[in-house]
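# Residue-level structural notes
Okay, here's what each chain looks like letter by letter:
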Amino acid sequence: MKNDVTLVILMPPGDDKKGSSGSDLYGLSLIDRNLHAAERSGMARVVIIGTPGTVLHVAEVGIPVEMVEAGTLCLNSIAGTVIVMAGHALADTKWLSGIIAASAVSGGCMVEPDVIAALACDADGDWRDRPVAPGGPDAFFTILDQSKCRSFPPDREGRFIMESSRDVVAAENWLLQRLIKSGDSFMARTINRPLSLAITRRLARTDVTPNQITIISVLIGLMGALFFLSMDPMIQTTGAFILLIHNVVDGCDGELARLKFQSSRMGLILDMWGDNLVHAVLFACMGIGWSFHSGMTWPLVVAGIAVVGTLWTAWLVFRRTMRSAEPGRVPQFLSVAENVDTKLSRILRNLGNRDFFFGIFALSLFGKGQWLLPLVAMGSVLYAIGLIVLNRREQ
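Quick look at the structure, then. (Residues numbered from 1 in each chain as written. Predicted model: local features only at pLDDT ≥ 70, side-chain atom pairs only at ≥ 80, totals over all residues. Heavy atoms only, no water.)

## Some remarks on the packing of aromatic side chains
- All chains considered together, the criterion is met by six aromatic pairs.
- Centroid distance tryptophan 315 to phenylalanine 318: 6.0 Å. Interplanar angle 35°. Geometry classified as tilted. With a gap of three residues between them, tryptophan 315 and phenylalanine 318 both fall in helix 9 (residues 298-323), about one helical turn apart.
- For phenylalanine 318, a relative accessible area of 14% puts it in the buried group.
- Measuring from ring centre to ring centre gives 4.4 Å for phenylalanine 356 and phenylalanine 357, while their planes differ by 25°; the resulting arrangement is stacked.
- Assessed through its relative accessible area of 1%, phenylalanine 357 is described here as buried.
- Each residue in the set Trp273, Trp315 and Phe318 is aromatic and connected to the rest through ring pairs, giving one cluster. (Phe/Tyr/Trp six-rings, centres within 6.5 Å; stacked < 30°, edge-to-face > 60°. Helix = DSSP H or I, 4+ residues; strand = E, 2+ residues; numbered from the N terminus. Buried < 20%, exposed > 50% of the residue type's maximum accessible area, 1.4 Å probe, protein only.)

See the structure below:
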């Protein structure tokens, strides 16, 4: 359910040298990125105020977008809370969501000079009855500065201010940095993420979709898994290297989806189950190869437990993720637990990372990649039990 919040974007005058609304940022203009961010943050509508004669071609989003000329609109005609933002600010979805939450608590007027203001519907101020921005964004924010609006400190990580069109490269770098997850493990942060971001940077200007990247990643992973039917160190090391490539490419689909606002429920389902398909096939190949070369059947049993445990935990995480999402919206559940501050949730989050591919690579150098199989079999079952316990605690 969307908040009763309207985003008003004040476009700079035509002769202003500040960042252009049409600046291309990885295939999307500045104004289009702000519209998508407004929709994802829960805004109900967007009003774009521009100078007379300005023609803007904006993206279609899931909320109403209205374009009006400066000086023809008063904020008292808009119901609910109003977020007024300068058109040269590049907004992050989480930043806008935080401002919406802060405005709901304050119940008044808050402003970051020259950038953004959160105006509650019942706040006092002569700005409510004045036409908006007949003299441009700077004039409007000057009025707010002179009123009783409370200033709040700038969140420089949550938005990027484009002072001119020369800031495009810096803005794109800022967008890439926003793709880094705070929960990334050490190996993901130092190896996987820099490589995946380098790939995503090049894919962003193409027509390649996140789902296509997911399918390519799964195919790479399945190819690497087949090498573990052998016990030969060279063959296993080759397969482990392919799996490391799969691990890097697997991060690109989510990065590309967030960068281009192409996240979808289908994409999340494809990504989650594609990854776990690779894991299941990998463990099955390890068990088959180990059993064939040793002449014993117990590796097949261990592999079966690992596969069942992997799919079991995948189902538990998938169910929890989908349960957290509002109907029709893309789930944003990024951890195994809603409360990540508990000891059990921290343990499960650390165990759920994909650093085990590096362990497989190290063991494969000696032709012993299959040695990880008993640990996976035992760990996946314990992990599933931990998820069940955590779920019951949260309920």
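Read on for the rest.
## Quick look at the packing of helix 6 (residues 210-226) against helix 8 (residues 265-294)
- Where helix 6 meets helix 8, the closest approach of the two axes is 8 Å, and the angle between their N-to-C directions is 5°. The pairing of helix 6 with helix 8 is recorded here as roughly parallel in orientation. Residues Asn211, Thr214, Ile215, Val218, Gly221, Leu222, Ala225 and Leu226 of helix 6 lie in contact with helix 8, whose contacting residues are Gly267, Leu270, Asp271, Gly274, Leu277, Val278, Val281, Leu282 and Cys285.
- Split by residue class, the contact of helix 6 with helix 8 holds eleven nonpolar, five polar and one charged. (Axes fitted to C-alpha atoms, helices over the stretch in contact; angles between N-to-C directions. Parallel < 35°, antiparallel > 145°, perpendicular 65-115°, else oblique. Contact = heavy atoms within 4.5 Å. Nonpolar A, V, L, I, M, F, W, Y, C, P; charged D, E, K, R; others polar.)

## Comments concerning the nonpolar core
- Met43, Met85 and Ile116 are the most contacted members of the largest nonpolar core, which totals 27 residues.
- Of all the elements in the fold, those that place two or more residues in this core are strand 1 (5-10), helix 1 (30-41), strand 4 (45-50), strand 6 (81-86), strand 7 (89-91), helix 2 (93-106) and strand 9 (116-119).
- The next biggest cluster of nonpolar side chains, apart from the first, holds 23 residues, and it includes Ala240, Phe358, Leu373 and Ala377. (Core = buried A, V, L, I, M, F, W, Y, C linked by side-chain atoms within 4.5 Å.)

## What about the packing of helix 8 against helix 11 (residues 356-364)?
- Axis separation between helix 8 and helix 11 bottoms out at 14 Å; the angle between their running directions is 25°. If you check the angle between helix 8 and helix 11, you find them roughly parallel. Viewed along their axes, helix 8 and helix 11 form a crossing whose handedness is left-handed. Seen from helix 8, the contacting residues are His279, Leu282, Phe283 and Met286; seen from helix 11, they are Phe356, Phe357 and Ile360. (Left-handed = near helix turned anticlockwise from the far one by under 90°.)

## Here we look at helix 1
- Taking 1.5 Å of rise per residue, twelve residues should cover 16 Å, and helix 1 covers 16 Å from first to last C-alpha, within 8% of that figure.
- The buried fraction of helix 1 amounts to eleven of the twelve residues, a majority that puts the element mostly inside the structure.
- Buried residues of helix 1: Leu30, Ile31, Asp32, Arg33, Asn34, Leu35, His36, Ala37, Ala38, Glu39 and Ser41, and no others.
- Remark: glycine 42 follows helix 1 within two positions and exhibits a positive phi of approximately 100°. (Expected span 1.5 Å × (residues − 1).)

## Overview of the sheet that holds strand 6
- Pairing within the open sheet is mixed, and its seven strands lie in the order 5-4-1-6-9-8-10. The two strands at the open ends of the sheet, each matched to only one other strand, are strand 5 (65-69) and strand 10 (150-151).
- Across five bridges, the pairing between strand 1 and strand 4 is parallel. The residue bridging leucine 10 from the neighbouring strand is isoleucine 49, located in strand 4.
- Where helix 1 meets the sheet, its contacts fall on strand 1, strand 4, strand 5 and strand 6, and the angle it forms with strand 1 comes to roughly 170°. (Pairing = 2+ DSSP bridges.)

## Examining the environment of alanine 303
- Take alanine 303: it is sitting in helix 9.
- What makes alanine 303 buried here is its relative accessible area of 5%.
- For the pair formed by alanine 303 and glutamine 370, sequence separation is 67 residues and the distance between their alpha carbons is 9.6 Å.
- Apart from the residues within four sequence positions on either side, alanine 303 is in contact with Phe283, Ala284, Gly287 and Leu373.

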